[in-house]
Amino acid sequence: MDTFAIKGGVPLYGGLRVQGAKNAALPILAATILAGGSYTIYDVPHLLDIKVMLEILSTLGATYVHKDSTVHVDTTNLTSAYIPHELMGQMRSSIFLMGPLLGRCGEIVLSRPGGCAIGERRINLHFKGLEALGATIVEEEGFIHCKADKLKGNAVFLDYPSVGATENIMMAAVRAEGETIIYNAAREPEIVDLQNFLNQLGARVRGAGSDTIVVSGTKHLHSIDYKVIPDRIVAGTLLLASAITKGEIELHNVNPQHMISLLDITGQCGVEIEYAHDIMKVKSKKDFKAINRIVTAPYPGFPTDMQAQTMAFLSVAQGCSIIKETVFEGRFRHVTELNRLGADIYVDLNTAFIRGVPRLSGATVEATDLRAGAALIIAALAAEGETRVTEAYHIDRGYDTIEKQFSCLGARITRMENDSFHSTGI
Ligand code: UD1
């Protein structure tokens, strides 16, 4: 297992282009199954989750090349509708294949997905939506058998605006006969990106970005080239890292509209942020203030995927902050690790109370999940002395060589692989 070694206390300076969005690229890669053909998808980051998705496509019969940040995938010949358990277990997003495979082949066999240990992560809404379109789903001996001779459009109400369920149902509905309406749909920017991709493919989808999405089924689809949107969570992580180190950075390839709740919070704390088009400048010379209350919520609320990193940032703010987590019940495992670095955080049920401390100090800590790992890196960049963040593979699931990104902004961070250091600065 790789470990990151970080010598803190160096302000970040310089410019960086933000990677494409993992959470947009994953459903888009799954959607290439809907219509056979050859696709070129640009700005796909090199991440463990993307690698697993491409491996799954390959076991289904597709071929692919992922070079630089471009994926060429050919889904003309599908030879299987079975997703091996080992691959399902590695990533929650493997569930996205249900909609497209049902739409194209009328069946799929898979097991329950894996992913970060941040809560129960149910899939009942995926099932509810696909069953409403006519699929039969039987779960036995650890396998989920899903079949539909014909998918038929229907109205689906989601009890909660689940991102994955909204995307899965949208993709299945593209190949269904007639009209599907998804009520209480998730409104995340990645869903709008999926709608744009599907419409370029020839589908007829409207309403993404609102809570009602309407899909008119069609058989006339064709392969395309497409560029995914910038990753708002990676941009937010870099923003907070710059602010906590009192640095000054310029981020390129960002969409500030997708980051409004974070920009509002960091602005209230006193971080100076300017943006125009797809460029954002972050400056933070003064000490920053705590924030009374942050509540995570579905978009456009404060993203649960920024909660851990924001907590790391607030751990050295002046005053006490409160963060309430409402999306994933188990998403506070980073608290113990942040406290190991000298933070003063107390958790009561789904609410964390953060008393800002003057400084953090280096220690060995464990990345327990993807964003928890990013939070520890942010804290380590500000801490005195050296921090080691173990279980780096969690971080590799969402950040394309994070050590290179931070090194290029002047951080002293090194990846330690099998007990040997890569020379990126430390
Ligand atoms: C997606 C994102 C993830 C982000 C999350 C919430 C991707 C690849 N991942 O995950 O980074 O943290 O949105 O913004 O896009 N739920 C149910 N039943 C279901 C589905 C979900 O009860 O069938 C619940 C979950 O347990 C959770 C909440 O809904 O409490 C949100 O989950 P969901 O929006 O589905 O997240 P994901 O799509 O898994």
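Residues numbered from 1 in each chain as written. Predicted model: local features only at pLDDT ≥ 70, side-chain atom pairs only at ≥ 80, totals over all residues. Heavy atoms only, no water.

Colleague: Can you explain the nonpolar core? Please cite residues and give values.
Modeller: Judged by nonpolar contacts, the single largest core of 76 residues is most densely connected at I41, L97, M98, F197 and L198. Apart from residues no more than four positions distant in its own chain, M98 is found in contact with I108, L110, F127, L130, I137, I144, C146 and N168. If you look at the next biggest cluster of nonpolar residues, it comprises 70 residues, including A241, I244, A312 and A380. (Core = buried A, V, L, I, M, F, W, Y, C linked by side-chain atoms within 4.5 Å. Buried < 20%, exposed > 50% of the residue type's maximum accessible area, 1.4 Å probe, protein only. Contact = heavy atoms within 4.5 Å.)

Colleague: Describe the pairing of strand β18 (residues 320-324), and please don't skip the residues or the numbers.
Modeller: Side chains S321 and I323 of β18 all project onto a buried face; the interleaved residues C320, I322 and K324 project onto a face where none is buried. One ladder, built from two bridges, connects strand β17 (residues 294-295) with β18; its direction is parallel. Following the sheet pairing, V295 is matched in β18 by K324. Between the parallel pair β17 and β18, the chain is carried across by helix α10 (residues 307-314), and the sense of this crossover is right-handed. Relative to strand β20 (residues 351-355), β18 is paired through five bridges, and the arrangement is antiparallel. Bridge assignment links S321 to a residue of β20, and that residue is I354. (Helix = DSSP H or I, 4+ residues; strand = E, 2+ residues; numbered from the N terminus. Pairing = 2+ DSSP bridges. Right-handed = clockwise from strand over helix to strand, strands pointing away.)

Colleague: Tell me about the site of the ligand, and please be specific about residues and values.
Modeller: Taken together, the neighbourhood of the ligand is formed by 18 residues, with N124, L125, S162, D305 and V327 sitting nearest. Note that a nitrogen atom of the ligand is positioned 2.7 Å from one of the side-chain N or O atoms of N124. Contact between the ligand and L125: an oxygen atom at 2.7 Å from a main-chain N or O atom of the residue. In this structure the site holding the ligand corresponds to the largest pocket. At the level of secondary structure, the elements contributing two or more residues to the shell around the ligand comprise α5 (124-132) and α6 (163-174). In terms of residues, the shell around the ligand owes the most to one element, α5, which gives three residues. Here the shell around the ligand is built from residues that sort into six nonpolar, seven polar and five charged. Lining the shell around the ligand are residues from two domains, each supplying at least three of them: domain 1 (3-19 + 230-421) and domain 2 (22-220). (Near = heavy atom within 4 Å. Polar contact = N/O pair within 3.5 Å; in protein donor to acceptor, adjacent residues only side chain to side chain. 1 Å grid on protein atoms, 1.4 Å probe; cavity = no way out; pocket = protein on both sides within 12 Å on 5 of 7 lines; lining within 4 Å. Sits in = over half its atoms within 2 Å of the grid points. Nonpolar A, V, L, I, M, F, W, Y, C, P; charged D, E, K, R; others polar. Domains from an automatic or database assignment.)

Colleague: Tell me about the layout of surface pockets, and name the residues and values.
Modeller: When its volume is computed, the largest pocket comes out at roughly 1000 Å³. Considering the residues around the largest pocket, the lining is formed by 41 residues, among which R92, R121, V163, G164 and F328 are closest to the centre. Listing elements by their share of the lining of the largest pocket, those giving two or more residues are α1 (22-31), α5, α6, α8 (232-244) and α12 (370-382). Among the residues making up the lining of the largest pocket, the classes are represented as 17 nonpolar, eight polar and 16 charged. In terms of domain composition, the lining of the largest pocket takes at least three residues from each of domain 1 (3-19 + 230-421) and domain 2 (22-220). (Points joined across faces, edges and corners; volume = space filled by probe spheres on them.)

Colleague: With reference to specific residues and values, describe the packing of helix α4 (residues 98-105) against α6.
Modeller: The relative placement of two packed helices comes down to the angle between their axes together with the axis-to-axis distance. Between α4 and α6, the shortest axis-to-axis distance is 7 Å and the interhelical angle comes to 10 degrees. Taken together, the axis directions place α4 and α6 in an arrangement best described as roughly parallel. Seen from α4, the contacting residues are M98, G99 and P100; seen from α6, they are N168, M171 and A172. Among the residues making up the contact of α4 with α6, the classes are represented as four nonpolar, two polar and no charged. (Axes fitted to C-alpha atoms, helices over the stretch in contact; angles between N-to-C directions. Parallel < 35°, antiparallel > 145°, perpendicular 65-115°, else oblique.)

Colleague: Quick rundown of the packing of aromatic side chains? Include the residues and the values.
Modeller: One pass over the full model with this rule turns up five aromatic pairs. Where F197 meets Y226, the ring centres are 5.4 Å apart and the plane angle is 85 degrees; that geometry is what we call edge-to-face. With F197 in helix α7 (residues 189-201) and Y226 in strand β13 (residues 225-227), the pair connects residues that are 29 residues apart, well separated along the chain. Judged by its relative accessible area of 7%, Y226 falls in the buried class. A network of ring pairs unites the aromatic residues Y39, F197 and Y226 as a single cluster. (Phe/Tyr/Trp six-rings, centres within 6.5 Å; stacked < 30°, edge-to-face > 60°.)

Colleague: Would you mind going over α10 in detail, with residue names and values included?
Modeller: Across the eight residues that make up α10, a large majority, eight, are buried. Among the residues of α10, Q307, A308, Q309, T310, M311, A312, F313 and L314 are the ones counted as buried.

Colleague: Residues and numbers for a nonpolar patch on the surface, please.
Modeller: A cluster of nonpolar side chains, contributed by M1, L48 and Y393, occupies part of the molecular surface with about 300 Å² of accessible area. Structurally, Y393 is set in helix α13 (residues 393-396). The partly exposed category is assigned to Y393, whose relative accessible area is 31%. (Patch = residues over 30% accessible without salt bridge, like charges linked within 9 Å, V, L, I, M, F, W, Y side chains within 5 Å. Areas by Shrake-Rupley, 256 points an atom, 1.4 Å probe, with all protein chains shown as cover. Salt bridge = Lys/Arg side-chain N within 4 Å of Asp/Glu carboxyl O.)

Colleague: Any details on the environment of A392? Residues and values, ideally.
Modeller: Within the fold, A392 resides in the loop between β22 (386-390) and α13. The class of A392 is buried, set by a relative accessible area of 0%. Separated by 388 residues in the primary sequence, A392 and F4 have C-alpha atoms spaced 6.6 Å apart.

Colleague: For the pairing of strand β3 (residues 38-42), give the residues involved together with the corresponding values.
Modeller: Both β3 and strand β5 (residues 70-74) contribute to a ladder of five bridges, which runs antiparallel. Considered in β5, the bridge of T40 is made with H72. With three bridges joining them, β3 and β13 adopt parallel strand pairing. Paired with Y42 across the bridge in β13 is K227.

Colleague: Can you lay out unusual backbone geometry for me, pointing to particular residues and giving the numbers?
Modeller: Omega for the bond connecting Y299 with P300 falls within 30 degrees of zero, at 15 degrees, which places this linkage in the cis form. Mapped onto the secondary structure, P300 falls in the loop between β17 and α10. At D68, a residue that is not glycine, the phi angle is positive and equals roughly 50 degrees. In this structure, D68 sits in the loop between β4 (63-67) and β5. Residue class for D68 comes out exposed when judged on its relative accessible area of 59%. Although it is not a glycine, K246 adopts a positive phi angle of roughly 55 degrees. Mapping K246 onto the fold places it in the loop between α8 and β14 (248-252). Taking relative accessible area as the criterion, K246 reaches 27% and is therefore assigned partly exposed.

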